[in-house]
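Okay, here's what each chain looks like letter by letter:
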Amino acid sequence: MWYKLGQNILKYKLYFLSFLILTTVVLGYFASQVKLSYEFTKAIPEDNPKFVIYKKFVHQFGVDGTTIVIGFQTDQLFTPTVFNQLFELHQQIKNIPGVTDVLSIPYAYTLSKDTIASKFIAQKVFHAPYTSDSALAKDQQIFEQLPFYKNLLYQPSSHAYMMAVSFMPDSINSASRSSIIHQLENRLNAFSNNTKLPLHISGLPYIRTILADRIKKEMVWFLIGSLVLSAITLLLFFRSISAMLMSLGVVAMGVIWSFGTMVLLGQKITLLTALIPPLVVVIGIPNCIYFLNKYHTSYSETQDREKALIQMVGRMGIVTLFCNITAAIGFFVFAFTKSPLLKEFGWVSGVNIMALFFISLFFIPPVLSYLPAPKPKHVKYLDNKYLSSLLLRIEKWTFHHTKWVFGCTIVLVVVALIGVLQIKKEAFIVDDLPQKDTLFLDLKWFEQNGGGVMPMEIVIDTKKKNGLIRSIKPLENIDALQQFLVTQPELGKPLGLLEGIKFAKQAFYDGDSAAYTVPSGTEMAFIAPYLAIEKNKTNNTTSSTSKNQGPAQLLNKFIDSSKQITRVSVNMKDIGSAKLPAFIQKIDSATQSIFDTSKYHVEITGSSVTFLEGSNFIIKGLGESIFWAFLLIAICMLFLFRSFPILICSLIPNLVPLLITAGIMGWMGISLKPSTVLVFSVALGIAIDVTIRFLINYKQELVHFDYKVHATLIQTIQHTGISIIYTSLVLVAGFVIFCLSDFGGTQALGWLTSLTLVVSTLTNLILLPALIKSFIKEK
């Protein structure tokens with residue numbers, strides 16, 4: 001079959017080449033439309049209970065996580081020079097397109113009581129620009145009598161000051177986001193230069209934008225780097241510019257097809273899918289090496305180019321097919337998970353790795369038929385004395401030190417298993433960034449001075465219309481909850497309906513800071529007319545009848561139109577996915593002890609909660625993905641070799657490297673997280689290629705050696721060892737390039753996968769022959 005296919009490929013080579021070129025042009029058109037993902041990627045399935053709660057929250061109150069926070073430390077803020085600069089910065093930021101609101105000290109508001117109209121009037125505390133210290137000091141004194149702003153916009157003990165910039169969800173989650181953030185950074189840099197104050201910037205929109213821009217840059221550099229590295233490796237191996245260019249043509253088509261299929265599948269470039277084009281290059285080059293190696297070997301034997309090409313397809317077609325199938329399985333198993341993030345990665349990578357086989361099969365033989373026959377220097381690598389000597393040593397270990405091979409393997413596996421037991425399953429929102437990275441340091445600054453920037457929402461449903469205003473009891477319960485939240489070091493200052501009412505009570509008592517407390521039932525009866533609220537027809541929230549600004553708007557943002565549901569918003573530190581479930585349970589227990597569950601329904605949500613929940617979801621799916629990878633690969637191996645003993649012998653040399661890699665992760669304290677769970681399935685899918693290459697050659701040679709296992713193994717080691725080592729070197733070099741990434745997870749993917757491939761090469765050249773020699777009986 002494969003020999004006949006080789007003849008047909010050469011016979012109709014113009015048609016095959018034309019088809020590939022036409023398909024590449026069409027997919028290239030779609031590839032030009034590929035876009036970067038600016039949305040907060042969901043790792044959690046749509047039907048997950050926590051995500052269902054979050055979608056319900058978004059429907060009621062809008063999208064959270066659309067705020068960027070800016071902070072700095074100084075004891076000179078309340079001087080005219082610095083304060084006027086901050087006042088001007090507020091105005092400049094407010095004029096940036098997409099900005100909906102800016103909360104800062106220069107635009108802080110207080111409330112005054114209009115007893116005639118029975119309403120509160122919002123008044124600015126500060127009257128910038130200032131020309132005298134005394135006027136600013138007078139307004140500062142008024143500001144410091146407003147507890148609402150304490151620990152929200154400033155920390156008295158550390159002289160830390162903050163401002164919050166809110167954006168329209170449609171603009172901050174679009175392609176214009178980078179431009180918006182760039183404008184913001186320009187204004188902040190000007191302020192920092194003028195005041196000599198270092199600024200700290202954080203918040204989910206900012207983190208997402210910076211990460212997305214870095215992904216885009218890394219994808220380009222990794223793609224270029226993998227192509228250059230592959231070109232150098234091919235040139236060193238084959239000493240042929242034409243062979244190098246042909247191989248680069250294969251992977252270039254693969255890259256274009258990968259971008260094109262992303263668009264056709266309705267997907268955008270994410271942190272994971274950005275890895276696919278470089279992976280296509282890394283995995284595509286071994287296809288070229290397999291075909292070229294067999295072509296050169298056959299040509300050296302026959303000195304007939306056409307026969308050599310037909311033998312190349314006949315002998316290596318099935319090998320390359322199953323190598324690509326198993327590699328694709330290693331990626332495609334992620335499509336079986338419920339995570340949208342991993343499904344995207346699984347589909348695009350799996351489809352394009354299989355596409356690489358057809359590109360290689362229908363492109364390499366026709367192109368080689370047009371190129372001149374190989375010269376002696378092109379096949380010189382087949383007689384590499386150093387590698388031949390190494391293979392003789394491997395042969396000696398396999399046949400003369402079998403017990404040592406098994407013994408060393410057992411010891412390594414035991415040590416690895418001890419390490420596996422120490423692996424931590426934990427992910428952080430920015431844990432893939434170096435700890436010296438500005439983005440990471442700024443986040444930690446806000447955790448220290450503002451309680452964090454990751455939004456968490458506690459939604460309280462009174463189960464009755466107007467349930468929030470029928471009595472003072474709901475407010476007292478909310479106050480008890482907030483008092484509990486304030487004691488939690490993982491959280492910042494809670495903000496909600498109660499803060500607005502307490503602010504209103506202080507205004508009702510003519511600005512007395514001691515009145516910033518929960519009003520009694522009698523006090524609420526007097527304050528209520530000043531807080532008249534009517535339904536806003538444009539959404540489900542409410543709006544104040546007066547055009548109050550500042551804290552009075554809290555009544556609009558934190559209560560629904562039926563006055564039945566309210567929310568408490570609080571910023572959370574990046575505590576990690578391991579601690580999150582226990583922490584959420586702790587808060588949930590507190591809500592149950594505070595709120596009567598027969599009268600209230602309380603839910604905890606927020607984009608940071610769903611993100612960390614998604615990380616846990618992906619980590620838990622690791623076992624499932626490896627199970628499917630092993631099962632599908634085992635089926636392929638059983639179909640290919642029709643022998644259960646051979647199947648067992650083939651899986652053990654690939655299971656050992658995975659255990660060793662997992663053990664090293666445990667010993668080195670590398671956590672299982674979304675970026676590192678890829679290592680195992682991906683490495684398994686690629687490493688099994690070596691096994692297939694070895695066993696197919698073993699099966700083909702077995703007939704020629706009258707089914708003598710010992711003699712066949714010697715021939716197989718000598719015949720396939722060089723190409724296996726060359727291929728492994730290319731793969732390792734291709735994955736090592738990921739170690740240059742700024743993202744810790746991508747770095748881990750690079751060196752852990754490279755380590756797995758090195759170990760798998762050794763186990764397949766040493767352990768696999770030893771297993772076959774010991775457990776496969778001669779016929």
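This report concerns the structure included in the present document. (Residues numbered from 1 in each chain as written. Predicted model: local features only at pLDDT ≥ 70, side-chain atom pairs only at ≥ 80, totals over all residues. Heavy atoms only, no water.)

## Let's talk about the overall build of the protein chain
To be explicit about the condition: To qualify as a helix, a DSSP run of H or I must reach at least 4 residues; to qualify as a strand, a run of E must reach at least 2; elements of each kind are numbered from the N terminus. Type-normalised accessible area, obtained with a 1.4 Å probe on protein chains alone, sets the label of each residue: buried when under 20%, exposed when over 50%, and partly exposed for intermediate values. Whether two residues are in contact is decided by their heavy atoms, any of which lying within 4.5 Å being enough. Charged-residue counts in this description rest on Lys and Arg as positive and Asp and Glu as negative, His and the chain ends being excluded. Throughout, a charge is located at the NZ atom of Lys, the CZ atom of Arg, the CG atom of Asp or the CD atom of Glu.
Regarding its fold elements, the protein chain presents 25 helices and 13 strands. Across the 779 residues in the protein chain, those meeting the buried criterion constitute 58%. Restricting to contacts in the protein chain with at least 6 residues of sequence separation, those with at least 24 account for 78%. Taken as two groups, the 67 positive and 49 negative side-chain charges of the protein chain have centres that lie 9 Å from each other.

## Some thoughts on the pattern of salt bridges
For side chains bearing opposite charge, pairing can occur when the charged atoms are close. Keep this limit in mind: Here a salt bridge means any side-chain nitrogen of Lys or Arg lying within 4 Å of a carboxyl oxygen belonging to Asp or Glu.
Under the criterion given, the structure shown has six salt bridges. Close ionic contact of Glu457 with Arg567 constitutes a salt bridge, the shortest N to O distance being 3.2 Å. One end of the pair, Glu457, is in strand β8 (residues 454-461); the other, Arg567, is in strand β12 (residues 565-572), with 110 residues separating them in the sequence. Given the relative accessible area of 4%, Glu457 is considered buried. Residue Lys505 pairs with Glu523 through a salt bridge whose shortest N-O separation is 3.3 Å. In this pair, Lys505 sits in helix α17 (residues 497-508) while Glu523 sits in helix α18 (residues 521-527), placing the two residues 18 residues apart along the sequence. Lys505 gets classed as buried once you look at its relative accessible area, which sits at 6%.

## Description of unusual backbone geometry
Ala128 connects to Pro129 through a cis peptide bond whose omega is 0 degrees. Inspection of the secondary structure assignment puts Pro129 in the loop between β4 (119-124) and α5 (133-143). Although it is not a glycine, His159 sits at a positive phi angle of roughly 55 degrees. Checked against the element boundaries, His159 lands in the loop between β5 (154-155) and β6 (160-167). Phi angles above zero are rare outside glycine, and Lys563 is one such case at about 55 degrees. Structurally, Lys563 is set in the loop between α19 (554-557) and β12.

## A few points about a nonpolar patch on the surface
Defined as follows: Each patch groups residues whose relative accessible area exceeds 30% and which form no salt bridge, using 9 Å between like charges and 5 Å between nonpolar side chains of Val, Leu, Ile, Met, Phe, Trp and Tyr. Here the open area of atoms and residues is found with the Shrake-Rupley method and a 1.4 Å probe, where only the protein chains shown may cover a residue.
Taken together, Ile410, Val411, Val414, Val415, Ile418, Trp667 and Met668 make up a surface patch of nonpolar side chains, about 680 Å² in accessible area. Where the nonpolar patch is concerned, the elements lending two or more residues are α14 (402-420) and α22 (644-668). With five residues, the top contributor of residues to the nonpolar patch is α14. Within the fold, Val415 resides in helix α14. Judged by its relative accessible area of 41%, Val415 is partly exposed.

## Regarding the packing of α14 against α22
Note the threshold: To get an axis, fit a line to the C-alpha atoms, keeping to the stretch in contact for a helix; angles then go from 0 to 180 degrees between the N-to-C directions. Any angle that is under 35 degrees is reported as roughly parallel, and any over 145 degrees as roughly antiparallel; angles of 65 to 115 degrees are reported as roughly perpendicular and all others as oblique. Handedness of each helix crossing follows the sense of rotation of the near helix against the far helix: counterclockwise by less than a right angle gives left-handed, clockwise gives right-handed. Nonpolar residues are Ala, Val, Leu, Ile, Met, Phe, Trp, Tyr, Cys and Pro. Charged residues are Asp, Glu, Lys and Arg, and all others, Gly as well, are polar.
Put simply, α14 and α22 touch, their axes get as near as 7 Å, and they point 45 degrees apart. As far as their axial angle goes, α22 and α14 are oblique. Handedness of the α14/α22 crossing: left-handed. In contact with Thr409, Leu412, Val413, Val415, Ala416, Leu417, Ile418, Gly419 and Val420 of α14, α22 contributes Val656, Leu659, Ile660, Ala662, Gly663, Gly666 and Trp667. Looking at the contact of α14 with α22 residue by residue, the classes come out as twelve nonpolar, four polar and no charged.

## What about the packing of aromatic side chains?
For clarity, the threshold we go by: Stacked, tilted and edge-to-face are the three classes assigned to paired rings of Phe, Tyr and Trp, where Trp is represented by its six-membered ring and a pair needs centres within 6.5 Å; plane angles under 30 degrees give stacked, over 60 edge-to-face, the rest tilted.
Here the structure, examined in full by the defined rule, presents 32 aromatic pairs. Note on Phe72 and Tyr161: the rings are 6.0 Å apart at their centroids and 35 degrees apart in plane angle, and the pair reads as tilted. Linking Phe72 in strand β1 (residues 67-73) with Tyr161 in strand β6, this pair joins segments that are 89 residues apart in sequence. A centroid spacing of 4.7 Å and a plane angle of 45 degrees characterise the contact between Phe83 and Phe126, whose relative ring orientation is tilted.

Everything listed here is a matter of geometry and, on its own, says nothing about what the molecule does.
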